[in-house]
Amino acid sequence: MGYTILDRENIAENIFSTRVRAEEIARRARAGQFVILRLDERGERFPLTLCDWSAEEGWIRLVFQVVGRSTGKLSRMEPGEDILDLVGPLGRPTEVERFGHVICVGGGVGIAAVYPICRAMREAGNRVTGIIGARTAGLLILEEEMAEVVDELVVTTDDGTRGLKGRVTWALEERLKSEKADLVMAIGPAIMMKFASAVTREFGVPTKVSLNSIMLDGTGMCGTCRCEVDGKTRFACVDGPIFDAHQVDFDLAVRRGHMYDAEQKLALERYEKCRCHSGGEA
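Residue indices follow the written sequence of each chain, beginning from 1 at its first position. Local features in this predicted model are restricted to residues whose pLDDT is 70 or higher, and side-chain atom pairs enter the listing and the counts only when it is 80 or higher, whereas totals over whole chains, interfaces and linings include all residues. Calculated side-chain values reflect all of the structure's heavy atoms, with hydrogen atoms and water omitted.

(A) View of the environment of arginine 61. In this description a helix means any DSSP run of H or I spanning at least four residues, a strand means any run of E spanning at least two, and both kinds are numbered starting from the N terminus. Along the polypeptide, arginine 61 turns up in strand S5 (residues 59–65). Distance in space between the C-alpha atoms of arginine 61 and alanine 26 is 9.4 Å, their sequence separation being 35 residues. Here a residue-residue contact requires only that any non-hydrogen atoms of the pair lie within 4.5 Å. With sequence-adjacent residues up to four places away left out, arginine 61 is seen in contact with Ser17, Thr18, Arg19, Leu50, Cys51, Asp52, Leu142 and Glu145.

(B) View of the sheet that holds strand S3 (residues 34–38). Two strands pair under a simple rule: DSSP has to find at least two bridges between them. Pairing within the open sheet is antiparallel, and its seven strands lie in the order S6-S1-S2-S5-S4-S3-S7. In this open sheet, the two strands that pair with only one neighbour each are strand S6 (82–83) and strand S7 (85–90). The sheet contact formed by strand S1 (residues 3–12) and S6 spans two bridges and is antiparallel. Looking at the pairing, tyrosine 3 lines up with isoleucine 83 of S6. Set on the sheet, helix H3 (residues 110–123) makes contact with strand S4 (46–54) and S5; between it and S4 the angle comes to about 40°. Inter-axis angles, ranging from 0 to 180 degrees, are taken between N-to-C directions of lines fitted to C-alpha atoms, where helices are fitted over the stretch in contact.

(C) Inspection of unusual backbone geometry at higher detail. Here the residue pair glycine 88 and proline 89 is connected by a cis peptide bond, since its omega of -5° sits within 30 degrees of zero. You can see proline 89 is positioned in strand S7. In this chain, glycine 240 is followed by proline 241 through a cis amide linkage whose omega measures 15°. Residue position: proline 241 is located in the loop between helix H7 (236–239) and strand S16 (242–244). Although it is not a glycine, asparagine 14 adopts a positive phi angle of roughly 70°. You can see asparagine 14 is positioned in the loop between S1 and strand S2 (15–21). Positive phi values are uncommon outside glycine, yet leucine 142 reaches one of about 60°. Along the chain, leucine 142 turns up in the loop between strand S9 (127–134) and helix H4 (143–149).

As structure tokens, this is what we get:
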């Protein structure tokens, strides 16, 4: 018996949301954790961060961008279809306590990962400021949901089509100039987290990031997700994915994150071509 798709929605350009029946995972899930999926017998293993879940109703919500064959296929799965394998929750949960003023920064699809952290931080009694952004309004996700779990939400787009014109890191810097923060959480593309970390270092604010590394087994056995933190090799799947931003080697993280871009693009192109020729699923 697989894990049943309950719904699927295209929430932005090339970005999808799906809820999946996964009762055991939903009962144990905590902010900052992730799952690993395998769609079918011929499928690869790939990780997705948990965006939301309901222990009472037994579902988890996954938000993802189509970047390769597997995410392309997942984006077309209909309600009632089953995912063959779904393992989780994996990774160390985000440390949640009463810090004071917490600023949570989400860039692109990283907004989906920062959403449950905002909710948990606010439930713990923190004042939470959310800063979310995308290149353009058509790529911005979860704005309404984020507004419900923070005390104040700042929206940015690179081209100014929604909210403030500029990057999330610019909005973060302006906010830190005007008020104190006790903790910053930043999740998004590695290059965004790198610059967010540089900003908070200047202001002396403790900062955490989530390294969404390439993964295979998710148990620390294969070493695919290795990263460098405080000069030491760490595995994002078991030691993270949350790390102290000021200790992360972001240059290495950026390089490793783009290792298979060409292969992902080619796999997606072949999948789309196969679908077109067959008139349906490959």
